[in-house]
Amino acid sequence: MINGFPSRYINLLTDFGFKRIFGTEANKAFLIDFLNSLLPSIHQIQDLTFKNTENLGYTEIDRRAIFDLYCQSTTGEQFIVELQKAKQRFFKDRSLYYATFPIQEQSIQGNEWNYSVSPVYVVGILDFCLEEHQDDPNYWHTVTLKDEKGQVFCDKLNLVYLELPKFTKSPEALESQLEKWVYLFKNLSILDEPPSNLHQDNLFGEFFETAEIANFSQAEQEKYRSNLKYHWDWYSVFETFEYSLQEAEAEGREEGLAKGREEGREEGREEGREEGRIEEKRTVARRMKELGLSTAEIAACTGLSEAEIAAL
């Protein structure tokens, strides 16, 4: 415990920590370096500007899309950076949906438009593993549009995913700049001292000074303390959700098997599993409502409809 906080350095997986380090004009050098570690050589960023992260789109539904970070480089590339702490259904679909906003936005910048689109990147920093890649040891996935021959068809839409749980390198084994950033995303809040091979780098030396909680103002410390508690509550809810869902599925499986044997139908097995899943989702949704999460957030995380959640 240091100055009333559990660690010396900020937790980058909290909303406050992520945006304070990467989402401010004063610290944008960190974001530029991180993004450049992900990008191909033709799209390296020299400078960028932050853009409005909400109220985008043409309809009320569209305006509910709120990004963690949204920025544009001086050469026109646009970036949405999303920190995702808990597993979410259809996260890849959500990435595609988010990518449509900076694409559409380019059509209204002038009176004439010939459909020329600047490259768009959606970067997902995930504190979980994508279900489709559970058995893939690679922690870094880059997706672009390719044709039937596997050749790039269009390089204007790019999705990048970093699966933090898969990254297990020690500080001594870090090689690339990307590996250094991924290591810090995962481990910064449990470090007592900066690893020597990072601290010797001028950029990371400045990063550690910026990320040290003792250097925050009193107001920032209070805001971080509140956000950290919210982060722990959120993590606890989802850990309970995962555990309870496994129990519910196991119980539903047994009930379904028994019902299937009695009735001689496969439907019994699936029905039991589904009933267990739904009831557990309702339990978790009630807990989320108590924590003050919005109906839209609860729906996105549990898969329940907003009408079902409102009725709880």
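Residues numbered from 1 in each chain as written. Predicted model: local features only at pLDDT ≥ 70, side-chain atom pairs only at ≥ 80, totals over all residues. Heavy atoms only, no water.

1. Let's talk about the confidence of the model for the protein
- Summary statistics for the protein give a mean pLDDT of 83 and a share of 80% for residues scoring 70 or more.
- Note on residues 58–64: pLDDT under 50 across the span, and 14 contacts to partners over four residues away in sequence or across chains. (pLDDT = per-residue confidence, 0-100. Contact = heavy atoms within 4.5 Å.)

2. Overview of the packing of aromatic side chains
- Using the criterion set out here, one finds 22 aromatic pairs in the structure.
- Ring centres of phenylalanine 16 and tyrosine 224 lie 5.9 Å apart, and the angle between their planes is 35 degrees; this geometry places the pair in the tilted category. With a gap of 208 residues between them, phenylalanine 16 in helix H1 (residues 15–22) and tyrosine 224 in helix H7 (residues 218–263) connect regions that are remote in the sequence.
- Looking at phenylalanine 16, the relative accessible area reads 12%, which means it is buried.
- Measuring from centroid to centroid gives 6.2 Å for phenylalanine 91 and phenylalanine 128, while their planes differ by 85 degrees, and the two rings are edge-to-face. Highlighted residues: phenylalanine 91 in helix H3 (residues 91–105) and phenylalanine 128 in the loop between strand S4 (120–126) and strand S5 (140–146), separated in sequence by 37 residues. Neither phenylalanine 91 nor phenylalanine 128 differs from the other in exposure class; each is buried.
- A network of ring pairs unites the aromatic residues Tyr9, Phe18, Phe22, Phe30, Phe34, Trp181, Phe185, Phe204, Phe207 and Phe208 as a single cluster. (Phe/Tyr/Trp six-rings, centres within 6.5 Å; stacked < 30°, edge-to-face > 60°. Helix = DSSP H or I, 4+ residues; strand = E, 2+ residues; numbered from the N terminus. Buried < 20%, exposed > 50% of the residue type's maximum accessible area, 1.4 Å probe, protein only.)

3. Describing the packing of helix H2 (residues 28–38) against helix H6 (residues 202–211)
- Where H2 contacts H6, the two axes come as close as 10 Å, and the packing angle between them is 130 degrees. In this view, H2 runs oblique relative to H6, as classed from their interaxial angle. Of the two elements, H2 crosses H6, and the hand of that crossing is left-handed. Facing H2, whose interface residues are Ala29, Phe30 and Asp33, H6 presents Leu203, Glu206, Phe207 and Thr210. (Axes fitted to C-alpha atoms, helices over the stretch in contact; angles between N-to-C directions. Parallel < 35°, antiparallel > 145°, perpendicular 65-115°, else oblique. Left-handed = near helix turned anticlockwise from the far one by under 90°.)

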